[in-house]
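As a plain string of letters, each chain reads:
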Amino acid sequence: MKRSLEIGERIKGRRGTYEIQDRLEAGGFAKPWIATTDDGERVCIKHPNFDSGMLTGRDPISESVFVQYFDQEREILSSLQSKGGHENVVDFIESFTVDDLPVIVVELVEGRDGYEEVRDNGNMNPETVRTIGIGLSAAAQFIHRNEHINRDLKPENFILRGADTPVLVDFNTARGFDPDKDPEELDGSMTTIQGKFKPPEVKDPSHTDFRQGPWSDVYSIGKVLLYLLVGSVPDKKHGLDPRDFVDCPDYLAGIIRTATQEDYADRYQNAQTLKLVLENKWVKPPKTAELVRQETGEHLSIQPGDTIGNKRGAAPATIRVSNPDGPEDETPISSVQIEFDIDADGN
């Protein structure tokens, strides 16, 4: 199998021929390149990064895992594009193989990532941070609605288009709905992934009994906002208050503290709620409703953006219930059946 592309190489996809022009800074699991189409359009082409030090380090990762993560990214980006795409998510163009080397073609988002912006220009003002947070929450909301969770939201994985419009460009560790797996089995198979922006249920083996879901991406967005405000993020600390480091409006400090709580039940439960509190400069979530299951008497508190799905569904449903009229192991066609929202009057 071919191991890497080269500058000057011309490769043929289903939509035309691409000429490799330059290397972009390599990510962890994927190696990105700048290429041009026959019409002169600049695009980004990625393939598994077989030159990564993660293959030869102290705890090496097998090449098959690199390919697995790459395939996951391809499938999720293609799925999201088929749903219409989103302004805060990189556009997927096509995928194919070059001498058995899998490649993905996506839009080339011009700009610097969140890490580079803070590294070169220092921490950001609260209003810019709020605007970026709204964009990241909107992207996460779109991803969750389409039955995926990102699990790797961090400054290096979004590029700023202009001053404050984030575009998510990395989906290597994202996961989606699998109707053939039990949710607890699925969560256990998600493994742990290290990183200071990841919530404990994703990175800490002692928290793998916590279910991963939309609240996991909420945590990461909260840590990203803290980083943009402060310029650094303490690892293995939760519920941090940015006012301990910089001047910050009380509402934004409260949002970040809530989003980054260790226990997922204490966070905003979904990205839509996070987006609403950022847009309105609230700390507490908007109005909640209460549902009562007639069969069991169980009370369910509902926030805007919450979703109800079959208990056999995977992570994106924030509330999961069993089917009282069918077998417990019934395979659902979707992890989400109902989504709740508020109207223009906040009701």
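Refer to the structure printed above.
What you are looking at is a predicted structure, and each value in this text was computed from that prediction instead of being measured.

The rules we used
Residues numbered from 1 in each chain as written. Predicted model: local features only at pLDDT ≥ 70, side-chain atom pairs only at ≥ 80, totals over all residues. Heavy atoms only, no water. Helix = DSSP H or I, 4+ residues; strand = E, 2+ residues; numbered from the N terminus. Buried < 20%, exposed > 50% of the residue type's maximum accessible area, 1.4 Å probe, protein only. Contact = heavy atoms within 4.5 Å. Areas by Shrake-Rupley, 256 points an atom, 1.4 Å probe, with all protein chains shown as cover. Axes fitted to C-alpha atoms, helices over the stretch in contact; angles between N-to-C directions. Parallel < 35°, antiparallel > 145°, perpendicular 65-115°, else oblique. Left-handed = near helix turned anticlockwise from the far one by under 90°. Nonpolar A, V, L, I, M, F, W, Y, C, P; charged D, E, K, R; others polar. Core = buried A, V, L, I, M, F, W, Y, C linked by side-chain atoms within 4.5 Å. Pairing = 2+ DSSP bridges. Polar contact = N/O pair within 3.5 Å; in protein donor to acceptor, adjacent residues only side chain to side chain. Phe/Tyr/Trp six-rings, centres within 6.5 Å; stacked < 30°, edge-to-face > 60°. Lys NZ or Arg CZ within 6 Å of the ring centre and 35° of its normal.

Novice: Could you give me a rundown of the overall build of the chain, with the residues and numbers involved?
Specialist: Assigned secondary structure in the chain consists of 8 helices and 16 strands. For the chain, buried positions account for 54% of its 347 residues. Counted over contacts in the chain with a minimum sequence separation of 6, partners at least 24 positions apart contribute 57%. As presented, the chain carries roughly 15,700 Å² of accessible surface, and 45% of it is formed by carbon and sulfur atoms.

Novice: Provide a residue-level description of the packing of helix α3 (residues 126-145) against helix α6 (residues 214-230), including the pertinent values.
Specialist: Running from amino to carboxyl end, α3 crosses α6 at an angle of 160°, the nearest separation of the two axes being 10 Å. Comparing their axes, α6 and α3 come out roughly antiparallel. Both α3 and α6 take part in a crossing whose hand is right-handed. Counting all contacts with α3, which are made through Pro126, Val129, Ile132, Gly133, Leu136, Ser137, Ala140 and His144, the residues of α6 involved are Pro214, Asp217, Ile221, Val224, Leu225, Leu228 and Leu229. A class-by-class count of the residues in the contact of α3 with α6 yields 11 nonpolar, 3 polar and 1 charged.

Novice: I'd like to hear about the nonpolar core, residue by residue, with values.
Specialist: Most often, soluble globular proteins have nonpolar side chains that are buried together. Residues Phe158, Leu168, Phe171, Leu228, Leu252 and Leu274 are the most contacted members of the largest nonpolar core, which totals 58 residues. Sort the elements by how many residues they give to this core and α6 lands first, with 9 residues. Counting 15 residues, the second-largest nonpolar core is a separate cluster that includes Leu5, Ile11, Val43 and Phe96.

Novice: Lay out the pairing of strand β6 (residues 101-107) in plain terms, naming residues and giving numbers.
Specialist: Summarising burial for β6: 6 of the 7 residues are buried, a large majority. Bridge analysis of strand β4 (residues 42-48) against β6 gives 4 bridges, and the strand direction is antiparallel. Counterpart to lysine 46 in the pairing with β6 is isoleucine 104. Connecting strand β5 (residues 92-98) to the antiparallel partner β6 that follows it, the hairpin turn spans 2 residues, and aspartate 99 within it adopts a positive phi of roughly 50°.

Novice: I'd like to hear about the side chain of threonine 17, residue by residue, with values.
Specialist: Within the element layout of this structure, threonine 17 appears in strand β2 (residues 16-23). Residue threonine 17 is classed as buried on the basis of its relative accessible area, which comes to 16%.

Novice: So what's going on with the side chain of glutamine 269? Which residues, and what values?
Specialist: Looking at where glutamine 269 falls in the secondary structure, it is placed in the loop between α7 (250-259) and α8 (271-280). A distance of 3.2 Å separates a polar atom in the side chain of glutamine 269 from the backbone oxygen of arginine 267.

Novice: How would you explain the sheet that holds β4 if you had to name every residue and give the values?
Specialist: One key point about sheets: their strands pair by backbone hydrogen bonds, in either a parallel or an antiparallel sense. A sheet is described by the order of its strands in space; here 6 strands give the open sequence β1-β2-β3-β4-β6-β5, paired in antiparallel fashion. At either margin of the open sheet sits one strand with a lone partner, and together these are β1 (10-13) and β5. Strand-to-strand twist in this sheet, taken as the mean axis angle between neighbours without regard to direction, amounts to 35°. Along the sheet, helix α1 (residues 63-82) makes contact with β3 (30-36), β4, β5 and β6, crossing β6 at roughly 35°.

Novice: Mind laying out the environment of glutamate 279, listing which residues take part and the relevant values?
Specialist: Tracing the backbone shows glutamate 279 in helix α8. Its relative accessible area of 34% is what places glutamate 279 among the partly exposed residues. Excluding residues that lie within four positions of it along the chain, glutamate 279 makes contacts with Arg130 and Ile134. Here the side chain of glutamate 279 touches lysine 275 through a polar contact of 2.7 Å, side chain to side chain.

Novice: Go over the sheet that holds strand β7 (residues 112-113) with me, naming the residues and quoting the values.
Specialist: Here 3 strands make up an open sheet; going across it, the order is β7-β9-β10 and the pairing antiparallel. Both outer strands of the open sheet, β7 and β10 (165-168), are each paired with one neighbouring strand and no more. Two elements, β7 and strand β9 (residues 158-161), share 2 bridges in a ladder whose sense is antiparallel. Following the sheet pairing, arginine 112 is matched in β9 by leucine 160.

Novice: Give a detailed account of the environment of threonine 165, specifying residues and quantitative values.
Specialist: Its place among the elements puts threonine 165 in strand β10. For the pair threonine 165 and asparagine 88, spaced 77 residues apart in the sequence, the C-alpha separation amounts to 7.3 Å.

Novice: An account of α7 is needed here, citing residue identities and associated values.
Specialist: Of all 10 residues that make up α7, 8 are buried, and the element is covered over most of its length. Next to the buried residues of α7 lie α3, α6 and α8.

Novice: Explain unusual backbone geometry residue by residue, including any values.
Specialist: With a phi angle near 50°, aspartate 99 is a residue other than glycine that sits in the positive phi range. Backbone geometry places aspartate 100, a non-glycine residue, at a positive phi of 70°. You can see aspartate 100 is positioned in the loop between β5 and β6.

Novice: Kindly report on the packing of aromatic side chains, identifying the contributing residues and their values.
Specialist: The full count for this structure, using the stated rule, is 5 aromatic pairs. Summarising the aromatic geometry, the rings of tryptophan 215 and tyrosine 264 are spaced 4.9 Å apart at their centres and angled 20° between planes, so their arrangement reads as stacked. Here tyrosine 264 lies in the loop between α7 and α8 and tryptophan 215 lies in helix α6, a separation of 49 residues in the sequence. Owing to a relative accessible area of 1%, tryptophan 215 belongs among the buried residues under this scheme. Linked through ring pairs, Phe29, Phe66 and Tyr69 together constitute an aromatic cluster. Of note, arginine 3 hangs over the ring of phenylalanine 50, and the distance from its end group to the ring centre comes to 4.7 Å. Lying across the ring of tryptophan 33, arginine 23 places its NZ or CZ 5.3 Å from the centre.

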